[in-house]
Amino acid sequence: MRFHYPELLHGGDYNPEQWMEQKDTIWKEDMRYAKEAGINTLSVGIFSWSYLEPEDGVYDFSWMDEVMDNLAANGMKAVLATPSGARPPWLAKKYPSVLRMTDKRERRLYGDRHNACYSSLDYERKVTEINTRLAQRYKDHPALMLWHISNEYANDCHCPLCQQRFREWLKERYGTIENLNRCWWNGFWSHRFNSFDEIESPSRIGETTSPELKLAWRRFSSDNLIRFFKTEIAPLRQYTPDVPVTTNLMYHFNEVDYFKLGREMDVASWDNYPVWKGDERDVAVSRDSAFWHDVIRGVGGQKPFLLMESSPSSVNWQPINRLRMPGTLMYQGMQAIAHGSDSVQYFQFRAGRGGSEQYHGAVIDRTGTNQTRTFREVAQVGQRLKELKCLAGTQTRNEIALLFDWNVRWALDEASLLHKGNQKYLETVQSFHNALCTLGYGVDLVDETCDLSSYRVLIAPMAYMTRDGFGERAAQFVQNGGTLITTYLGGYVNEELLTYMDADPSPLNALTGMHVDECDALDDRTFDAFDWNGKRYQVKEMAEISHITTAEALAAYTQRFYKGTPCLTVNHYGDGRCYYIAARTEEAFLVDFLREVLTVSPLAQVSEGVSVTARFSDEKRYVFVHNPAHEPGQAVFESSMRDVLTGEELGKVCPVDALSIRVLTDA
Ligand code: GLA
Ligand code: ZN
């Protein structure tokens, strides 16, 4: 199923149950303010379990009926949540299996949120019951638009039930214990298991070193969470087969394979909380958000996604919770739209009078007034989204794919080599993303399981693990004329973390036409360099010493004992080519290099700090010129452009104000 709504969504988390005694005043005011702010959707029920089921088996939906009716009566839609993100105390008291256990096998006490055991059969049953009732009750409600499953699913549990599920998962994956021992290289340190029952999850009081066990646990925990997600949506699929589902993903989050989870959702959504600085550092802040917007769009299969939460002003969980400069909110919201979001939503609509988030930014702040700068700015965003209704449902179409894979990320986290524990995978992928932004390209993020056939360029930094089937897909891609750009730390291990040997070579070797002999870790006093295209570039942190099999050298190291060995090569393979960058370099090199070797055209030539993205309807191309800098910038196009909001024809040179995003279309 595909999520589609004919408008861009504007709204956010709304928890009116905190004001149950002021329905006549606060609830009414909420609706008035929401309309005034141009809000067309509110997310309800996210943390409402204790109101919906105050005691085991005793349900009260009457207040939610009123909330849903109010939304419908005021022309708004509901993003209706399942309440599993936080449970009532009675539930933990009565069914202790819902409480997580730490890796030290200590059962948690009741408290906080987002910490239920995903294997607990009691939790599964209680969640299924309440989700079923929600679905049955609201299936025909005119306000119901989208299901919001739980909230920010995260993390693992080490309880006996999870151990049991882990062993079942291992049996399913490896079949026999002999095969598991072989895949995990358990002949080392006498770690050979005689049965699956002997296996325990990694723990600070047990196994801390086995990369294979630790990776298996990460994979299992991610799969177990996805399994729970599927359990949650089963009753919703049954009673509301036409209502799409999503769950809100998180910034930077490492513990769930989001690409895999994304395949189970109808639309991807996420919570973005950039920490704006109010000065020149905002360019980097913006680039970081740009990267994660692109990741989430990739997780959702490149369809439009949703910005489910963002702060309308400050947050309350930073050491220093700064206000945003005027205009930042518009930039932040428009940036999401520009990367393919169909919504701008906030946490939260109205701040509570108490609780741990009483000082978190809200559309209606803690004093309950709309006479605030935040409210005015939110209303301006609402107005802008109405004016840009034509963007709802439009899609991105990028020709460049950048590989970012959770399994590679985990494998590198566990890899004891070079810069142990700090291989900088994410930073490296981001530096390629940055370079592409600097050059005026839009880019799609993919993982090793994604279809590559629509791309012309694939950039695969530090593809340390080649998962089953990826080698073949990458070869096919290059064979068919694609350009592959790979780097150091590529193709070291297979899906099981076993290193490739010459008798069973890495599938990347044939593509790069290179054989990696050694890899040097450089510290902060050790550097190398290479000359390319008339310029010298610095080598830092990681440098592979390789020899050529079929490639052609483009540059060689100039300094250390491996001076003269190739550090930049190209190999022709089928109708395509594969570039190999053997060492970590400055971002400036990536910019110069990509400018030279990419055969696809950028969207525009941009001034410093500016970037460009595009969305397409069947008839039109919409181009967004982003300027997060605090001074004006510009983008130069190949043909004349028109400003969508003003209708003004601009010619090829499009100026863009400081801290703003301009929406253009072809003139
Ligand atoms: C997350 C949660 C929200 C809220 C915000 C605060 O995104 O989903 O419930 O706690 O953080 O920034
Ligand atoms: Zn558990």
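These figures come from a predicted structure and were not determined experimentally. (Residues numbered from 1 in each chain as written. Chains lettered and ligands numbered in written order. Predicted model: local features only at pLDDT ≥ 70, side-chain atom pairs only at ≥ 80, totals over all residues. Heavy atoms only, no water.)

When its secondary structure is counted, the chain shows 17 helices and 28 strands. Going through the 667 residues of the chain one by one, you find that 61% of them count as buried. Long-range pairs, those at least 24 residues apart, make up 73% of the contacts in the chain between residues at least 6 apart in sequence. Across the chain, the centroid of the 72 positively charged side chains sits 3 Å from that of the 91 negatively charged ones. (Helix = DSSP H or I, 4+ residues; strand = E, 2+ residues; numbered from the N terminus. Buried < 20%, exposed > 50% of the residue type's maximum accessible area, 1.4 Å probe, protein only. Contact = heavy atoms within 4.5 Å. Lys, Arg positive; Asp, Glu negative; His and termini not counted. Charge placed at Lys NZ, Arg CZ, Asp CG, Glu CD.)

Let's shift gears to the coordination of the zinc ion (ligand 2). The protein atoms that coordinate the zinc ion (ligand 2) are C117 (SG), C157 (SG), C159 (SG) and C162 (SG), at distances of 2.2 to 2.3 Å. The site at the zinc ion (ligand 2) holds four donor atoms, and with the angles between them running 102 to 114°, its shape is tetrahedral. (Donors = N, O, S within 2.8 Å, 3.2 Å for Na, K, Ca; no water. Tetrahedral: all angles 85-135°; square planar, octahedral: opposite > 155°, others 65-115°.)

A few words on the environment of E21. Mapping E21 onto the fold places it in the loop between β1 (9–14) and α1 (23–36). Taking C-alpha positions, E21 is 27 Å from S313, a pair spaced 292 residues apart along the chain.

All right, on to the sheet that holds strand β7 (residues 269–271) then. Either a parallel or an antiparallel arrangement is found when strands of a sheet pair, and the pairing is made through backbone hydrogen bonds. Read across the sheet, three strands follow the order β6-β7-β8 without closing on themselves; strand pairing throughout is parallel. Whereas interior strands pair on both sides, the edge strands pair on one side only; in this sheet they are β6 (248–250) and β8 (306–309). Direction aside, the axes of adjacent strands within the sheet are offset by 45° on average. Here β7 runs beside β8; their pairing, made up of three bridges, is parallel. From the neighbouring strand, D271 faces β8, where its bridge partner is E309. Where helix α10 (residues 282–299) meets the sheet, its contacts fall on β6, β7 and β8, and the angle it forms with β7 comes to roughly 150°. (Pairing = 2+ DSSP bridges. Axes fitted to C-alpha atoms, helices over the stretch in contact; angles between N-to-C directions.)

What follows deals with the nonpolar core. Judged by nonpolar contacts, the single largest core of 173 residues is most densely connected at W147, F404, Y464, I485, F593 and L594. Setting aside anything within four residues of it in sequence, one finds Y464 in contact with V408, A411, L412, A415, L489, G490, G491, Y492, V493 and L497. Grouped together as the second largest cluster of nonpolar side chains are 20 residues, W169, I177, L180 and I199 included. (Core = buried A, V, L, I, M, F, W, Y, C linked by side-chain atoms within 4.5 Å.)

Taken together, F47, R113, N151, E152, D271, Y273, E309, W317, F347, E357 and H360 make up all the residues around ligand 1. A distance of 2.8 Å separates an oxygen atom of ligand 1 from a polar atom in the side chain of N151. D271 has a polar side-chain atom sitting 3.5 Å from an oxygen atom of ligand 1. (Near = heavy atom within 4 Å. Polar contact = N/O pair within 3.5 Å; in protein donor to acceptor, adjacent residues only side chain to side chain.)

The next subject is unusual backbone geometry. Generally, phi is negative for residues other than glycine and the peptide bonds are trans, each holding for most cases. A cis amide bond, omega 15°, links F347 with the succeeding residue Q348. Of note, Q348 is situated in the loop between β9 (343–346) and α12 (373–387). Phi at N533 is positive, roughly 55°, even though this residue is not glycine. Relative to the assigned elements, N533 resides in the loop between β17 (528–532) and β18 (535–548). Its identity is not glycine, yet E541 carries a phi of approximately 65°, on the positive side. The topology assignment puts E541 in strand β18. The exposure class assigned to E541 is buried, which follows from its relative accessible area of 18%.

By the definition in use, this model includes zero disulfides. C437 provides the cysteine sulfur closest to C450, a residue in no disulfide bond, and the two sulfurs are 19 Å apart. Judged by relative accessible area, C450 falls into the buried class, the value being 13%. (Disulfide = S-S within 2.5 Å.)

In this model α1 runs 19 Å from its N-terminal to its C-terminal C-alpha over 14 residues, within 8% of the 20 Å that 1.5 Å per residue would give. I26, W27, E29, D30, M31, Y33 and A34 are the residues of α1 that are buried. Residues of α1 that are buried make contact with β1, β2 (41–44), α3 (62–73) and α12. Directly beyond the C-terminal end of α1, a positive phi value near 70° is found at G38. (Expected span 1.5 Å × (residues − 1).)

Here we take up the packing of aromatic side chains. Per the stated rule, a full pass over the model turns up 40 aromatic pairs. Ring geometry for Y579 against F593: centres 5.4 Å apart, planes inclined by 85°, an arrangement best described as edge-to-face. Pair noted here: Y579 is in strand β21 (residues 576–581) and F593 is in helix α17 (residues 587–597), with a separation of 14 residues, a long-range link. The same class applies to Y579 and to F593, which are both buried. (Phe/Tyr/Trp six-rings, centres within 6.5 Å; stacked < 30°, edge-to-face > 60°.)

A complete count under the given rule lists 48 salt bridges for this structure. Where K126 meets E129, a salt bridge forms, and the shortest distance between an N and an O atom there is 3.1 Å. With K126 and E129 both in helix α5 (residues 121–138), this residue pair falls three residues apart, about one helical turn. The exposure class assigned to K126 is buried, which follows from its relative accessible area of 1%. Under the relative-accessibility criterion, E129 is labelled partly exposed at 28%. Between R662 and E648 there is a salt bridge; the shortest N-O distance is 3.7 Å. Here the residue R662 occupies a position in strand β28 (residues 660–666), and E648 occupies one in the loop between β26 (633–643) and β27 (649–656), the gap between them amounting to 14 residues. Look at E648 and you get partly exposed, because its relative accessible area is 41%. (Salt bridge = Lys/Arg side-chain N within 4 Å of Asp/Glu carboxyl O.)

Here the domain parsing of the chain yields domain 1 (9–155 + 242–391), domain 2 (400–597) and domain 3 (605–666). Averaged C-alpha coordinates put domain 1 and domain 3 at centres separated by 31 Å. Contact with domain 1, which involves 26 residues of that partner, is made by 18 residues of domain 3. Contact between domain 1 and domain 3 buries roughly 1700 Å² in total, counting both sides, with carbon and sulfur atoms accounting for 70%. (Domains from an automatic or database assignment. Buried area = accessible area lost by both parts, 1.4 Å probe.)

Our focus in this paragraph is a nonpolar patch on the surface. On the surface, a nonpolar cluster with roughly 440 Å² of combined accessible area is contributed by W185, F188 and W189. Considering the arrangement of structural elements, one finds W189 in the loop between α7 (177–183) and α8 (211–239). (Patch = residues over 30% accessible without salt bridge, like charges linked within 9 Å, V, L, I, M, F, W, Y side chains within 5 Å. Areas by Shrake-Rupley, 256 points an atom, 1.4 Å probe, with all protein chains shown as cover.)

It is worth spelling out the side chain of N407 at this point. By secondary structure assignment, the location of N407 is in helix α13 (residues 406–414). The contact partners of N407, leaving out residues within four places of it in the chain, are R219, D257, M465 and R467.

As a further point, take the packing of α1 against α3. Relative to each other, α1 and α3 sit at 35°, their axes nearing to 10 Å. Along this stretch, α1 crosses α3, giving a crossing that reads as right-handed. Where α1 approaches α3, its residues K23, W27 and M31 are matched on the opposing element by W63, E66, V67, N70 and L71. Looking at the contact of α1 with α3 residue by residue, the class counts come to five nonpolar, one polar and two charged. (Left-handed = near helix turned anticlockwise from the far one by under 90°. Nonpolar A, V, L, I, M, F, W, Y, C, P; charged D, E, K, R; others polar.)

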